[in-house]
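Residue-level structural notes
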Amino acid sequence: MNVKVFYRDGVKSLLLIAALMLMQSCGFIKSKFGKGGKEESGISNGEITATARKGFKQTTPAGMVVIPSGSFVMGQADEDIASSMNNMNRRVTISSFFMDDTEITNNEYRQFVNALLVDSVSVLGEEEIMSKYYPDTTVWKKDFAYSNGDPFVEYYYQHPGFDTYPVVGVSWLAAQYFSKWRTNLLHDFQNKEGQFNSTGFRLPSEAEWEWAARGGRAVAKYPWGNPYTMNAKGCFLANFKPQRGNYDADGYPYTGPANAYNPNDFGLYNMAGNVAEWTSDAYTDNATAIVWDMNPEYDNPDEPRKVVKGGSWKDIAYYLQTGTRTFEYETERRAFIGFRCVMDNVNDRGGARARRR
């Protein structure tokens, strides 16, 4: 036998054995192929032999993208020019979830309001629906003194020209109720089809929002990563207030379409600018010190202040930073605050090590 051929085949065999041992040590073979044999059900011969129930597969919901699990350094990604000291750096871990790739639009939110007016008037009453859940269009006039917001008061929510623009004038409480309605809508369909229910829609936690905004980039100042608000061609990368008195330099004087500008590396649009976004967290200055480092969330129903992230069309660049946090009261409705939903991903709970297999 040729010595070179023998040596080459021997090396290949050793590499194959090493690869198999590595896959076995990482659980690849077991997780991919299982133990084999016929599937058992429930209880057999006086012993529990139940395996995973068949028929459930969580698909990506319409309008959402998968956000992988991971660990990152949460908090201020640049100088704390406001000296707020309210988002000190710490490493946290986030489980995988689905997230709306854009902010909830006027037309999407309108489906919710219309459904309430048809199905829930007898329970909630028209007055409660219109006062709590219908967007407050007068925010375009109330939020800005001596400003001609009258056209937006009349047109922004109802006119088809703004169907794909982010809904505003919605309180934190209304955003929570929208999430519950959206969950019930999906579960009702799944029940009729004889399917297992998916996990429900909800607002993202502050940590989930920040992890998603960074798009997998470590210590990213902005969702696009680099320290500047313009690209190499001099084009602004988000909708905000780029210059003193000049709101139009970035392309939109007020809000823009929910899918304007380029998405970040996770496929999410406008995680900086356009409208700021509600999160599920209650606000406290010392959140870093009291929340856990695994899926942290400060859930305090007695605290009416809720964390708002991302900055808006009316804000300067500081508020667009991924680590900047502000708050608004849960009942308040603003012309510059919207929201998007998330859903837990129960099909992919593996971390970075599992994804490398």
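This text follows the structure it describes.
Since we're looking at a predicted model, the values are computed, not measured. (Residues numbered from 1 in each chain as written. Predicted model: local features only at pLDDT ≥ 70, side-chain atom pairs only at ≥ 80, totals over all residues. Heavy atoms only, no water.)

**Quick look at the nonpolar core**
For clarity, the threshold we go by: As used here, the term nonpolar core means buried Ala, Val, Leu, Ile, Met, Phe, Trp, Tyr and Cys residues forming a set that is joined through side-chain atoms within 4.5 Å. For each residue, the accessible area found with a 1.4 Å probe, counting protein chains only, is set against the maximum for its type, and the residue is called buried under 20%, exposed over 50%, and partly exposed in between. Each helix is a run of DSSP H or I of at least 4 residues and each strand a run of E of at least 2, with the numbering of both proceeding from the N terminus. By definition in these notes, contact holds between two residues if any of their heavy atoms fall within 4.5 Å.
In terms of nonpolar packing, the biggest core is built from 41 residues, with Tyr109, Phe112, Trp140, Phe178, Trp278 and Phe339 touching the most fellow members. Put simply, the parts of the chain that give this core at least two residues each are helix H3 (106–119), helix H5 (126–133), helix H6 (139–142), helix H8 (172–192) and strand E8 (276–282). With residues near it in sequence (within four places) discarded, Tyr109 still touches Ile104, Tyr133, Pro135, Tyr157, Val167, Val170, Ala174, Phe178 and Phe339. Counting residues in hydrophobic clusters, the runner-up holds 17 residues, among them Val65, Trp209, Trp211 and Ala212.

**With respect to H3**
To be explicit about the condition: What a helix is expected to span follows from its residue count: subtract one and scale by 1.5 Å.
With 14 residues, H3 extends 20 Å from end C-alpha to end C-alpha; this agrees with the ideal 20 Å at 1.5 Å per step. Listed in full, the buried residues belonging to H3 are Asn106, Tyr109, Arg110, Phe112, Val113, Ala115 and Leu116. Against the buried residues of H3 lie helix H4 (121–124), H5 and H8.

**Describing the packing of H3 against H5**
When two helices pack together, their arrangement is captured by the angle between the axes and the distance separating the axes. Rule in force here: An axis is simply a line fitted to the C-alpha atoms; with a helix, the fit covers only the stretch in contact. Between two such axes, the angle follows the N-to-C directions and lies from 0 to 180 degrees. Under this scheme an angle from 65 to 115 degrees is roughly perpendicular, one under 35 degrees roughly parallel, and one over 145 degrees roughly antiparallel; angles in between are oblique. Note on convention: the crossing is left-handed when the near helix lies turned anticlockwise from the far helix by less than a right angle, right-handed when the turn is clockwise.
Axis separation between H3 and H5 bottoms out at 10 Å; the angle between their running directions is 165°. When the interaxial angle is binned, H3 and H5 end up roughly antiparallel. Handedness of the H3/H5 crossing: right-handed. Across from Tyr109, Phe112, Val113, Leu116 and Leu117 in H3, the residues of H5 making contact are Glu126, Ile129, Met130 and Tyr133.

**Overview of the pattern of salt bridges**
To keep things clear, this is the line we draw: When a carboxyl oxygen of Asp or Glu is within 4 Å of a side-chain nitrogen of Lys or Arg, the pair counts as a salt bridge.
Enumeration over the complete set of coordinates arrives at 19 salt bridges. Put simply, Glu208 and Arg202 hold a salt bridge, and the shortest N to O gap is 2.8 Å. Here Glu277 and Arg340 are joined by a salt bridge, their closest N and O atoms 2.8 Å apart. On the criterion of sequence distance, the pair formed by Glu277 in strand E8 and Arg340 in the loop between strand E11 (337–338) and strand E12 (342–344) is long-range, its members being 63 residues apart. Comparing Glu277 with Arg340 shows no difference in burial state: the two are buried. One network of salt bridges, with partners in common, ties together Glu206, Glu210, Arg214, Lys309 and Arg325.

**Points about the packing of aromatic side chains**
Stated precisely, the cut-off is as follows: Stacked, edge-to-face and tilted are the three classes for Phe, Tyr and Trp ring pairs, Trp counted by its six-membered ring, which pair at centre distances within 6.5 Å; planes under 30 degrees apart are stacked, over 60 edge-to-face, the rest tilted. Should the NZ of a Lys or the CZ of an Arg lie within 6 Å of a ring centre and within 35 degrees of the ring normal, that charge is described as sitting over the ring.
Per the stated rule, a full pass over the model turns up 33 aromatic pairs. Ring centres 5.2 Å apart and planes at 70° place the aromatic pair Tyr109 and Phe112 in the edge-to-face group. Here Phe112 and Tyr109 lie together in helix H3, a separation of three residues that amounts to about one turn. For Tyr109, a relative accessible area of 0% puts it in the buried group. An aromatic cluster of three or more residues is present, and its members are Trp140, Phe144, Phe152, Tyr156, Phe162, Tyr165, Tyr247, Tyr254 and Trp313. Arg110 extends its terminal NZ or CZ atom over the ring of Tyr157, reaching a point 5.2 Å from the ring centre. Note that Lys314 overlies the ring of Phe336, its terminal NZ or CZ placed 4.5 Å from the centroid.

**Quick notes on unusual backbone geometry**
At Val219, a residue that is not glycine, the phi angle is positive and equals roughly 50°. With respect to the secondary-structure elements, Val219 resides in the loop between helix H9 (206–214) and E8. At Asn295, a position not held by glycine, the phi torsion is positive, near 45°. Structurally, Asn295 is set in the loop between helix H10 (287–290) and strand E9 (305–309).

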